[in-house]
Amino acid sequence: MRVLVTGIGGFVGPHLACALETAGHQVHGVELPGVEVQATAGVTMHAADLLDAAALGDVVARARPDAVVHLAAMSFVPAAEADPKAAYRVNVEGTVGLLAAVETGVPKARVLIIGSSDAYGAVAEADLPIRETKPLQPRSVYGATKAAVEVAATQWAS
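*Asks:* Looking at this model, I keep getting lost on the nonpolar core. Mind explaining?
*Replies:* One broad rule of soluble globular proteins: the nonpolar side chains tend to lie buried together. Ranked by internal contacts, the top residues of the largest apolar core, which has 15 residues, are L4 and V102. Broken down by secondary-structure element, the contributors of at least two residues to this core are α2 (53-63) and α4 (84-105). For this core, the leading source of residues is α2, giving four residues. With sequence-adjacent residues up to four places away left out, V102 is seen in contact with V60, V68, P107, A109 and V111.

Written as structure tokens, this is what we have:
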């Protein structure tokens, strides 16, 4: 299976790429242009900004993934708080752009969008483990963008 991983250079990306390769999958990674990524042997790298629809469409067309794992995000909470507009653009608009590129280029591909517990806000110990039926109550800009991504992806899927 060909798997496209956005944000492959982040905290989780290299570990996921290694696990996918070990399982026999062909991995394509996407990272921002100019971002140095420690290449994992066998990963085909692509440079694209999720806010650049043409570049993203080109990556999807070249990679032809069977599945997409969307890790890319502005995930550093202080950075999101400092620039909420950028956080919404990257996290929400970037995700919707990716969904559009997949729908156009490889409509049968499965997409896994990685969320965050920050979308649920403060959670009482009695509510653990968090279930997806728990109402979204973000308390930070980052959490709000991840909640918006959940809503957008759910709507897109339907």
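*Asks:* I keep staring at the packing of α4 against helix α5 (residues 141-157) and nothing clicks. Help me out?
*Replies:* Relative placement of two packed helices is described by the angle separating their axes and the distance separating the axes. Between α4 and α5, the shortest axis-to-axis distance is 9 Å and the interhelical angle comes to 20°. Judged on the interaxial angle alone, α5 and α4 are roughly parallel. Crossing geometry of α4 relative to α5 is assigned as right-handed. Contacts from P84, A87, Y88, N91, V92, T95, V96, L99, A100 and E103 in α4 reach V141, Y142, A144, T145, A148, V149, A152, A153 and W156 in α5.

Rules behind the numbers
- Residues numbered from 1 in each chain as written.
- Predicted model: local features only at pLDDT ≥ 70, side-chain atom pairs only at ≥ 80, totals over all residues.
- Heavy atoms only, no water.
- Core = buried A, V, L, I, M, F, W, Y, C linked by side-chain atoms within 4.5 Å.
- Buried < 20%, exposed > 50% of the residue type's maximum accessible area, 1.4 Å probe, protein only.
- Helix = DSSP H or I, 4+ residues; strand = E, 2+ residues; numbered from the N terminus.
- Contact = heavy atoms within 4.5 Å.
- Axes fitted to C-alpha atoms, helices over the stretch in contact; angles between N-to-C directions.
- Parallel < 35°, antiparallel > 145°, perpendicular 65-115°, else oblique.
- Left-handed = near helix turned anticlockwise from the far one by under 90°.

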